[in-house]
Amino acid sequence: MNELWNQIELSWTWLTASSQWHGPDGIPHRLLQHVWYSGVSLLCAAVIGLALGLLAGHTGRGGFLAITLANVARAIPTFGLVLFVVVIDYSITPVLVALVALAVPPILVNTFEGVRGVDPDAKDAARGVGMTGWGVLWHAELPMALPLILLGLRTSAIQVVATATIAAYPGFGGLGRYIIDGLARGDYQLVVGGTVLVVALALIVQLIFAGLRRLVVSPGLLGSARPS
Amino acid sequence: MITFEGVTKRYPGGAVALDDVSLDCPTGEITVFVGTSGGGKTTALRAVNRMVEPTSGRVLIDGRDVREQRPAELRRGIGYVIQHAGLFPHRTIEDNIATVPYLLRWNKKKARARALELMERVGLDHSMAKRYPFQLSGGQQQRVGVARALAADPPIMLMDEPFSAVDPVVRAELQDEFLRLQDELHKTIVFVTHDIDEAIKLGDTIAVFRTGGKVAQVDTPENLLAHPADDFVAGFIGQNRGIRTLSFAGTGELRLSDDAVRPVTADAADLTGLDWILVVDEDRRPLGWTRPAQIGGSLSEAPLAPVGPTFRVGSDSVRVALDAAVLSPSGLAVGVDDAGAVVGTAAGSDLLAVPTHGNGAGGTGHGAGSDG
Ligand SMILES: Nc1ncnc2c1ncn2[C@@H]1O[C@H](COP(=O)(O)OP(=O)(O)OP(=O)(O)O)[C@@H](O)[C@H]1O
Ligand SMILES: [Mg+2]
């Protein structure tokens, strides 16, 4: 108990030391790197996952393929992928590719399931009142699938934020830097400090998505007993 | 007019949903498709707005093949109501109703004004405009479904079992309002149901579908009941065919008796010889039934049995009157006018003596009127 408290105190000292908040090794810079890697990966993954998920869900075709691909992608150990690709091309790109591969499956699967799960009567009505194929997707399927789509995006975002620490392994910084350095030097103050920062970032992501949900999901979907 | 010309639909699996169906749905009238489950009613209905493409044959609207128009465009000009309403859960009631106006690019203000107007039309309070579908009862949702279909004032309405998911009381209410609406709007309506009573109540024409996608008979409700084309139709109409026929016999020609009707102020002295007395107030509104034996002093103090259901002379059918007679403590049906004042009473036997289709039996007592 005392030991733990000690660690927390030490980490707090580390976190609040003014030297940590300046320079290329400082927290703001590392945080910015981390957010940048995570954001870019998530954006790419969202484009891919949403496009494929919406398409498969809307047409009712390729669903099996999409889910299978997603599961295969899930099975690839991210760390291994990074190492493997970095050997081929020493740049940040392999790291981002690995993060995208990690983030696509939850978005894809949830989008697909969300669209496929739209009430068939509502879908029939949407077509029946004269919406075009795109109209049905845009005015009916997408808004009704939003709760699940957001869930997928949030899951991916948190995974990406946690996993972006691997960018530090080939030397591209981010919050992972503290953890890796700390582990290498046996400096647990650094490890715990870095971890706390990552966790805090994940919490912020969680908050952002809670806000987003309020903002973009219709109250008509939240109030009912529908799956969300 | 909607015309089916030799329409056949074979689904990929091989199921024949429609087999060479030819029939007309006259303009401004309600055509009801009724029949066994799987008979092809829904398929036929959906062939009109191209939700189903026939394998062969044509569907024409006012002589024009529906395939001449792009599906989305065609459908915006045809109201579409389905069984569970199929409302959009993420849209408010007014936005649900304004769906087609939005698609037609009306401006938002005009579309919403139209939505409010329609809410009134279908009997929904304006306070529901900003609610979401999950906050409405099934019956209310169904009204919204009807309003949504009416929003762009399409000349044609397709309705697939719109009232089947609600309880009988609400259903009767929705049916009555639907008929009232149709009286004002005169749409060309195709209405699918598997409830023969609903078909008889609503239809100007009834098409009976049988398994295999064949149309067994197309006729007016009266003719369908009086002259079913074959055993299938007779069987489908059911054992109550005779009673149902009475739905088409009017009560306007009944001669009602005033013998048993007494104002509450009347003297109790001259009641001898009567089994039951209908006590009415000064406006002739019915107060209740009583028996002379139960009366001590004046009629106003007599114990009264409830009047029970009454029928409106002229507008209600003999079937309704007969129902009232059966449920009345005295066995006499009470006929009232539009103001609710008693016109007179009739016994069950008098009611059955009313001629239906000119073959009624001669009545006993104050029975049958002449054929109009
Ligand atoms: N999409 C489809 N694919 C294959 N077969 C279908 C399809 N839709 C309907 N059928 C078949 O076509 C036949 C007619 O179906 P339809 O829905 O038109 O019947 P219905 O008269 O409306 O029945 P119900 O009263 O049960 O609604 C049925 O045998 C049904 O199984
Ligand atoms: Mg059907």
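These numbers were taken from a predicted model, which means no experiment stands behind them.

Undergrad: Where do I start with the overall build of chain A in this structure?
TA: Looking only at helices and strands, chain A has 10 helices and 0 strands in total. In terms of overall dimensions, chain A has a C-alpha envelope of 65 × 45 × 30 Å along the principal axes. Considering only residue pairs separated by 6 or more positions, chain A has 75% of its internal contacts joining residues 24 or more positions apart. Taken as a whole, chain A presents about 11800 Å² of accessible surface, with 71% of it coming from carbon and sulfur.

Undergrad: Explain the UniProt feature "transmembrane region" (unreviewed entry) in chain A here, please?
TA: Residue and element names in this part refer to chain A. Feature annotation in UniProt places "transmembrane region" (unreviewed entry) on residues 35-57, 144-169 and 190-212, given in this structure's numbering. Measuring from the first to the last C-alpha atom of residues 144-169 gives 41 Å, for a span that is 77% helix and 0% strand. Note that residues 190-212 is 100% helix and 0% strand, and that its end C-alpha atoms are spaced 33 Å apart.

Undergrad: Help me understand the layout of surface pockets, please; the structure alone is not making it clear to me.
TA: Empty space among the atoms becomes visible once a probe the size of a water molecule is rolled across them. Residues and elements named next belong to chain B. For the largest pocket, the calculated volume is near 840 Å³. If you go around the largest pocket, you meet 27 residues; those closest to its centre are Asp 176, Leu 179, Asp 197, Ile 200 and Lys 201. At the level of secondary structure, the elements contributing two or more residues to the lining of the largest pocket comprise helix 7 (168-185), helix 8 (196-202), helix 9 (221-226) and helix 12 (318-327). Here the lining of the largest pocket gets 8 residues from one element, more than from any other, and that element is helix 7. Residues of the lining of the largest pocket, tallied by class, amount to 9 nonpolar, 5 polar and 13 charged. Each of domain 1 (2-248) and domain 2 (261-352) accounts for three or more of the residues forming the lining of the largest pocket.

Undergrad: Explain helix 5 (residues 108-121) of chain B here, please?
TA: An α-helix turns once per 3.6 residues; consequently, residues spaced three or four apart project the same way. All names here are of chain B. For helix 5, built from 14 residues, the straight-helix expectation of 20 Å at 1.5 Å per residue is met to within 8% by its first-to-last C-alpha distance of 20 Å. Taken together, the buried positions of helix 5 are Ala 111, Arg 114, Ala 115, Leu 118 and Met 119. Viewed along the axis of helix 5, the buried residues span an arc of 145 degrees, placing them on a single side of the element. Exposed side of helix 5, more than 90 degrees from the buried face: Lys 109 and Glu 120 are the residues found there. Each element contacted by the buried residues of helix 5 is listed here: helix 3 (93-97), helix 4 (99-103) and helix 6 (138-150). One side-chain oxygen at the N-terminal end of helix 5 lies 3.1 Å from the backbone nitrogen of Lys 109; it belongs to Asn 107. Following helix 5 by one or two positions, Gly 123 has its phi on the positive side, about 80 degrees.

Undergrad: It is not clear to me how unusual backbone geometry should be interpreted in this structure. Could you clarify?
TA: Residue and element names in this part refer to chain B. Backbone geometry places Glu 161, a non-glycine residue, at a positive phi of 45 degrees. Here Glu 161 lies in the loop between strand 7 (156-160) and helix 7. Since its relative accessible area comes to 11%, Glu 161 is described here as buried. Phi is positive for Arg 284, which is not a glycine, with a value near 65 degrees. As for its position among the elements, Arg 284 is in the loop between strand 12 (277-280) and strand 13 (286-290).

Basis of the calculations
Residues numbered from 1 in each chain as written. Chains lettered and ligands numbered in written order. Predicted model: local features only at pLDDT ≥ 70, side-chain atom pairs only at ≥ 80, totals over all residues. Heavy atoms only, no water. Helix = DSSP H or I, 4+ residues; strand = E, 2+ residues; numbered from the N terminus. Contact = heavy atoms within 4.5 Å. Areas by Shrake-Rupley, 256 points an atom, 1.4 Å probe, with all protein chains shown as cover. UniProt positions renumbered as here; feature names shortened; annotations may be inferred. 1 Å grid on protein atoms, 1.4 Å probe; cavity = no way out; pocket = protein on both sides within 12 Å on 5 of 7 lines; lining within 4 Å. Points joined across faces, edges and corners; volume = space filled by probe spheres on them. Nonpolar A, V, L, I, M, F, W, Y, C, P; charged D, E, K, R; others polar. Domains from an automatic or database assignment. Expected span 1.5 Å × (residues − 1). Buried < 20%, exposed > 50% of the residue type's maximum accessible area, 1.4 Å probe, protein only. Arc of directions from axis to C-beta. Polar contact = N/O pair within 3.5 Å; in protein donor to acceptor, adjacent residues only side chain to side chain.

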